[in-house]
Amino acid sequence: MNETIIKRLRSIVGYENVKTDYDEVERYSKDETSSVEPSLPSAVVFVTNAQQVSEVLKVANQHKIPVTPRGAGTGLSGGAIPTKGGIVLSLERMNHILELDLENMVVVVEPGVITDEIQKLAEEHGFFYAGDPASSESSSIGGNVAENAGGVKVLKYGPTAFHVLGLEVVLPTGEIVNFGGKMMKNVMGYDMIRLFIGSEGTLGIITKIILRLIPKPKYSAVLLTPFKDMETAISCVPKVLCESGILPTSIELMDRFSVEISSKFLNESIPQQDADCHLIFEIESLDRESLTRAYISLGEKLQQLGALEVYIADNRHQKMKIWKFRKAIAEGIIAFRPKHCMEDVSVPIKTIPKLIRSTYDIARKNHVEVLNFGHVGDGNVHVTFLKPETMSDELWKKAIHNCLIELYRVTADLNGTVSGEHGIGVKRKDYLDIFLTQVEIETMRKIKQALDPNNILNADKIFPDTSASVRQI
Ligand SMILES: Cc1cc2nc3c(=O)[nH]c(=O)nc-3n(C[C@H](O)[C@H](O)[C@H](O)COP(=O)(O)OP(=O)(O)OC[C@H]3O[C@@H](n4cnc5c(N)ncnc54)[C@H](O)[C@@H]3O)c2cc1C
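Residues numbered from 1 in each chain as written. Predicted model: local features only at pLDDT ≥ 70, side-chain atom pairs only at ≥ 80, totals over all residues. Heavy atoms only, no water.

Enquirer: Before we move on, can you summarise the overall build of the protein with the specific residues and values?
Expert: Counting its secondary structure elements, the protein contains 14 helices and 18 strands. The C-alpha radius of gyration of the protein comes to 22 Å, within 12% of the 23 Å expected for a compact globule of 473 residues. Across its three principal directions, the C-alpha atoms of the protein cover 70 × 60 × 45 Å. Residues counted as buried form 57% of the 473 residues belonging to the protein. Taking as baseline every contact in the protein between residues at least 6 positions apart, the subset at least 24 positions apart corresponds to 74%. As displayed, the protein offers around 20600 Å² of accessible surface, 51% of which is attributable to carbon and sulfur atoms. Between the mean site of the 53 positive side-chain charges and the mean site of the 61 negative ones, the protein shows a separation of 2 Å. (Helix = DSSP H or I, 4+ residues; strand = E, 2+ residues; numbered from the N terminus. Rg over C-alpha atoms; globule rule 2.2 N^0.38 Å. Buried < 20%, exposed > 50% of the residue type's maximum accessible area, 1.4 Å probe, protein only. Contact = heavy atoms within 4.5 Å. Areas by Shrake-Rupley, 256 points an atom, 1.4 Å probe, with all protein chains shown as cover. Lys, Arg positive; Asp, Glu negative; His and termini not counted. Charge placed at Lys NZ, Arg CZ, Asp CG, Glu CD.)

Enquirer: Could you give me a rundown of the sheet that holds strand β6 (residues 106-109), with the residues and numbers involved?
Expert: Hydrogen bonds between backbone atoms are what pair the strands of a sheet, whose relative direction is either parallel or antiparallel. If you trace the five strands from one edge of the open sheet to the other, you get β5-β6-β10-β8-β9, paired in antiparallel fashion. Each edge of the open sheet is held by one strand with a lone partner, namely β5 (97-101) and β9 (176-180). Neighbour to neighbour, the strand axes of the sheet diverge by 10° on average, direction disregarded. In this structure, β5 lies alongside β6, joined through four bridges in antiparallel fashion. Residue pairing across strands places Asp-101 opposite Val-106, the latter belonging to β6. (Pairing = 2+ DSSP bridges. Axes fitted to C-alpha atoms, helices over the stretch in contact; angles between N-to-C directions.)

Enquirer: Before we move on, could you go through the packing of aromatic side chains and cite the residues and values that matter?
Expert: A complete count under the given rule lists six aromatic pairs for this structure. When the centroid spacing of 5.2 Å and the interplanar angle of 70° are considered together, the rings of Phe-128 and Tyr-157 count as edge-to-face. Taken as a pair, Phe-128 in strand β7 (residues 127-128) and Tyr-157 in helix α6 (residues 154-157) lie far apart in primary sequence, 29 residues in all. In this structure, Phe-128 and Tyr-157 share a single accessibility class: buried. With a centroid separation of 6.2 Å and an interplanar angle of 75°, the aromatic rings of Phe-265 and Phe-336 are classed as edge-to-face. Pair noted here: Phe-265 is in helix α9 (residues 256-266) and Phe-336 is in helix α11 (residues 316-336), with a separation of 71 residues, a long-range link. Residue Phe-336 is classed as partly exposed on the basis of its relative accessible area of 32%. Three or more aromatic residues joined by ring pairs make a cluster, and in this case those are Tyr-408, Tyr-431 and Phe-435. (Phe/Tyr/Trp six-rings, centres within 6.5 Å; stacked < 30°, edge-to-face > 60°.)

Enquirer: Outline the site of the ligand, listing residues and values.
Expert: Residues in contact with the ligand amount to 36 residues; listed here are only the nearest, Pro-69, Thr-74, Ala-134, Ser-135 and Ser-140. Between Gly-71 and the ligand, the recorded distance is 2.8 Å, taken from a backbone N or O atom to an oxygen atom. Residue Gly-150 places a main-chain N or O atom 2.9 Å away from an oxygen atom belonging to the ligand. Coverage of the ligand by the protein chains reaches 97% of its 980 Å² of free accessible surface. Only β3 (67-70), α5 (141-147), β10 (205-212) and α11 provide two or more residues apiece to the shell around the ligand. Top element by residues in the shell around the ligand is α5. It accounts for five residues. In terms of residue class, the shell around the ligand is built from 13 nonpolar, 17 polar and six charged. (Near = heavy atom within 4 Å. Polar contact = N/O pair within 3.5 Å; in protein donor to acceptor, adjacent residues only side chain to side chain. Nonpolar A, V, L, I, M, F, W, Y, C, P; charged D, E, K, R; others polar.)

Enquirer: With reference to specific residues and values, describe unusual backbone geometry.
Expert: Despite not being glycine, Lys-64 has its phi angle at roughly 55°, a positive value. When you line up the elements, Lys-64 lands in the loop between α3 (50-63) and β3. The backbone of Met-105 shows a phi angle near 55°, a positive value even though the residue is not glycine. Take Met-105: it is sitting in the loop between β5 and β6.

Here it is as C-alpha cells:
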C-alpha cells in the first residue's frame, strides 16, 4: 500500500489511528486459531464510527485493497487473519453501549463491546442477554454476530442469531444500510439480518447491533455428573432430552483429558476427576420449589441412565466454579498443547455417540491424541486432535490432514456440518465441498459477488480456493 493511500486513510480516521510499524501491526497478524499461519497487514486502521468505516471502505474499494474486519481476535477459524495483507479494520474502539431500552427489552450496542459487559448490564436490571460463548469475557459482540457464535446456552436459547433484532452494516462499497429494528417480527422482504449474521466479515462491516433481552430466570441449578465410560454418558443425552420432560439450558461434555487440562490450567479439581467423562446440566426455573423438583427428577433419571453420582450446585459460588472449570478447557488447550487442531463439528443429537466413537478410531489410526468436549446437548462437539510430543511437525501436518478428512466424512455421513459455531474462515474453506454441492457453494458465491464486486472484504475466507489442488489445514 503506497504512502498516498496511507495519507488518505489518516485523513479519515486521524494520523494516530493508522498503524504501519511492525511492532504495532504484528499483533493483528493472527487470532486464536492454532493451525493457520500469521500474516502481516500493511496497516491497521482503528475506526470509531460508521461514517469512518464507510470512507475507509470507499478508498479500499476504489484501489482494490483487501480489508479484514477484526473484533477482539478470539476467532478459531482464522477469520480475522489478514491472509491477503492490506488493511485490518479494527472495530475494538467502537465499544459503546448506545442505549438500554428496558420497555422494549432491547439493548443497542456498537460492535466492539465485549459480550460479558452486555450480560452484566442486562443482569443489573433483572434482564438477561442469552448469547453466551465461552469466550464472553474476551470476544466482542460484533465478532459474535459475524460468526453467529454459540456457547453453552444454545440448547434452550439458540445461537447469537436468535437474539439479534436489528443491524447497521457498512457494505463493501461504502453505503450504510440498516435492517430490522426494535420489533420482534419483521418479514419485510428478504431476511437480510440473517444474511449478515455468520457471514464472517465477508459481506459487510457490522457497526450497530440491536439485541433482544429476556427476563432473567430467577433460579437455576447446575448438575455435575461423572460417568464411568463415555458411551454411557453420551447415550444418555438424547434420552434425557426426549424422556425427562425438562429442557435443560445446557448439556455439556468434558472427557477425562479435557478435565485434566482444565484442572491443570486453573489448579483446581472437581469431584471424581478420574471418571471417564463428566456431563454438566443446567436447568432454570421461576421458583425454588419447581427447581428443586426438576433437579431431583433429572438427578434420578441420570442415575438410572448410569451416572456414577449427581452433584448439585444451586448457589452462585458453586455454579460459577463448575462453569469456570468447563470454560477453561479451551484456554488450557491453547496454553499447554499449542500444537492442536480444535474442531467444531455438529451433528443431529441422536448420532453423537457414533461421532465420538469415530474420533477415537481416527486418532488411533493416525497416531495422534484426541480429546472431546463441548455442547453435546445441541450436537456440537469440539473434537480436538493433539500433536504427540514425539511426533515431528511434518508428520503432524500429514496426520492432521488425514484426521480432518476422516472426521468430516463421518460428520457428513451423519448429516452434520463442518462448523457449529466457529465458522469456516480460512481454516476450513478447502473442506467445504465435503458438505456442500458446487451449486450450493456457487449460490453463496453469487451473494458475495453481488455485495462485494471487487472482492475486497475478507476475500480469502469461506470459499474454497478455486485454484487450490491441495487442501490446507
Ligand atoms: C477460549 C475460547 C473460547 C471460545 N468459546 C467459544 C464458544 O463457546 N462459542 C463460540 O461460538 N465461539 C467461541 N470461541 C471463538 C470466538 O471467541 C468467537 O468466534 C467470537 O465470536 C469471535 O469474536 P471476536 O470479537 O474475537 O472476533 P474476531 O476473531 O476478531 O473475528 C471473527 C470474525 O468476525 C469478523 N468480524 C469481527 N467483527 C466484525 C464486524 N464488526 N463486522 C463484520 N465482521 C466482523 C472477522 O472478520 C472474522 O471473520 C472461543 C474462543 C476462545 C479463544
